[in-house]
Amino acid sequence: MRVGILGGGQLAMMMIQSCIDDNVEFVVVDPSDNPPANKYVKCIKSEFDNTEMLDRLSRECNVVTIDFENVPSSALKYLENKIDVHPNSKAVELCQDRLKEKKLFEECKIPVTRYGKIDDLDNLYTSKESFSNGAILKSRFFGYDGKNQVDLDSTDLETAFEACGSDKLIIEEKVDFIKELSLIGARDKKGKTAFYPLVENNHVNGILHTSIAPYDDDYLQTKAQSYHNLLTKKMNYVGVLVIEFFLDSKNKLIANEMAPRVHNSGHWTIEGANISQFKAHIKSVTGEEINHIKVDRCAVMMNILSTMPDLTLFDQTDPVKIYDYGKTERKDRKLGHITIVDVDKNNLLNRIKELEKYTT
Ligand code: AMP
């Protein structure tokens, strides 16, 4: 079985790593010179819409997947005429546009915060009046890690509009959330989804800082899974899909966004679950079924951003695992992560404080 991956970042790297003992080969494409996945396979350097490269993938691979949701959906559509592509181009297209994504949530009767489409500055001035409880202006496309979005309480409308870097925008009411949670599920080709427990996520400046799993709440788990099932069925989805939620003070889940790929809030599954999200994704897209996902420990994952700490400072014996993606340092860039697992959640929460000394 040979899997093509569009995107050679750390997510592709961990997908390959997860299958090192399996009978799966990978062909990875990335436009940059030395992407993290180069650690395991020699990546093909190419833009994602290069038809020669896409033809080569379709000849050499059984299925193509992505590690990056901003791969042009037209490239996936092109491939779909030739070979299996999971997730499919339509699903990826929906997840690339915050407006289409919100509409899909609504069609599936999944709660979302109040929002509106913004096309120009006049439109923003008028809309803002009906968002008196605080609002966030976001670019509809290419938004990740809090990029291309502005809290409208922090600046004037003109500056905010400019800062979003586009005129295809969305205004969202600010949610007064008590927690941020995410649900990761891998749907196989027969339409059965294996779920991980909910994860609690803490963001700093819009970037994921820490994920703690599991977030034990049977009611919310069932609710989140039902939303996930509605979405994947509607999109005819195969592979890992992640939904990020706000939890409000009335114990209501409000969908923020979804990612058509493995996700940063699921890195802990490598050490904390019997099957990692990376392996679960590859199994799903290659037509395998996923047996029961078992999580019998607690895990915390902390991102390493901007600069790599001195790794000799860490006691790297079990249950601490440090990942270095081998990337050049840059402000707010995700360079690696640290995972700790423990049967006792309190022990973990204490270790987080210790880790923070090195990672912030
Ligand atoms: P996003 O890129 O949409 O995932 O946003 C990044 C982070 O900004 C989220 O994880 C939240 O912490 C915060 N955020 C985004 N949208 C909202 C919102 N409507 N209300 C409150 N906080 C938000």
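Everything discussed here concerns the structure shown above.
What comes next is a walk through the structure.

**Some remarks on the environment of Asn 251**
Point 1. Secondary-structure assignment places Asn 251 in the loop between strand S14 (239-248) and strand S15 (253-259).
Point 2. Considering only alpha carbons, one finds Asn 251 and Ile 178, 73 residues apart in sequence, at a separation of 8.9 Å.
Point 3. Apart from the residues lying within four places of it in its own chain, the contact partners of Asn 251 are Tyr 219 and Leu 220.

**Thoughts on the sheet that holds strand S1 (residues 2-6)**
Point 1. One open sheet holds the 5 strands; their spatial order is S3-S2-S1-S4-S5, and the pairing between them is parallel. With partners counted over all chains shown, the strands left at the sheet margins are strand S3 (44-45) and strand S5 (84-85), one partner each.
Point 2. Pairing between strand S2 (residues 25-30) and S3: 2 bridges, direction parallel. The residue of S3 that forms the bridge with Val 29 is Ile 44.

**So, the sheet that holds strand S7 (residues 135-139)**
Point 1. Spatial strand order, S6-S9-S7-S8: 4 strands in an open sheet with antiparallel pairing. Unpaired on one side and paired on the other, strand S6 (115-118) and strand S8 (149-151) mark the two borders of the sheet. Looking at each pair of strands side by side, their axes are set apart by 20 degrees on average, direction ignored.
Point 2. The pairing of S7 with S8 spans 3 bridges and is antiparallel. Paired with Ile 136 across the bridge in S8 is Asp 151.
Point 3. Those strands touched by helix H5 (residues 98-107) are S6, S7, S8 and strand S9 (169-173), and its axis lies near 150 degrees from that of S6.
Point 4. Against the sheet, helix H6 (residues 121-128) makes contact with S6, S7 and S9, and its axis sits at roughly 160 degrees relative to S6, the strand it touches most.

**Re the nonpolar core**
Point 1. The biggest cluster of nonpolar side chains holds 41 residues, and the ones touching the most others in it are Ile 5, Phe 26, Val 28 and Tyr 196.
Point 2. Those elements giving two or more residues to this core turn out to be S1, helix H1 (10-18), S2, strand S10 (177-187), strand S13 (207-213), S14, helix H10 (277-285) and strand S16 (298-305).
Point 3. If one sorts the elements of this core by residue count, H1 sits on top with 6 residues.
Point 4. Every residue in contact with Val 28, bar those within four places of it in the chain, is listed here: Ile 5, Gly 7, Gly 8, Ile 16, Ala 37, Val 41, Cys 43 and Ile 44.
Point 5. The next biggest cluster of nonpolar side chains, apart from the first, holds 29 residues, and it includes Phe 105, Leu 181, Leu 183 and Leu 231.

So, how was this worked out
- Residues numbered from 1 in each chain as written.
- Predicted model: local features only at pLDDT ≥ 70, side-chain atom pairs only at ≥ 80, totals over all residues.
- Heavy atoms only, no water.
- Helix = DSSP H or I, 4+ residues; strand = E, 2+ residues; numbered from the N terminus.
- Contact = heavy atoms within 4.5 Å.
- Pairing = 2+ DSSP bridges.
- Axes fitted to C-alpha atoms, helices over the stretch in contact; angles between N-to-C directions.
- Core = buried A, V, L, I, M, F, W, Y, C linked by side-chain atoms within 4.5 Å.
- Buried < 20%, exposed > 50% of the residue type's maximum accessible area, 1.4 Å probe, protein only.

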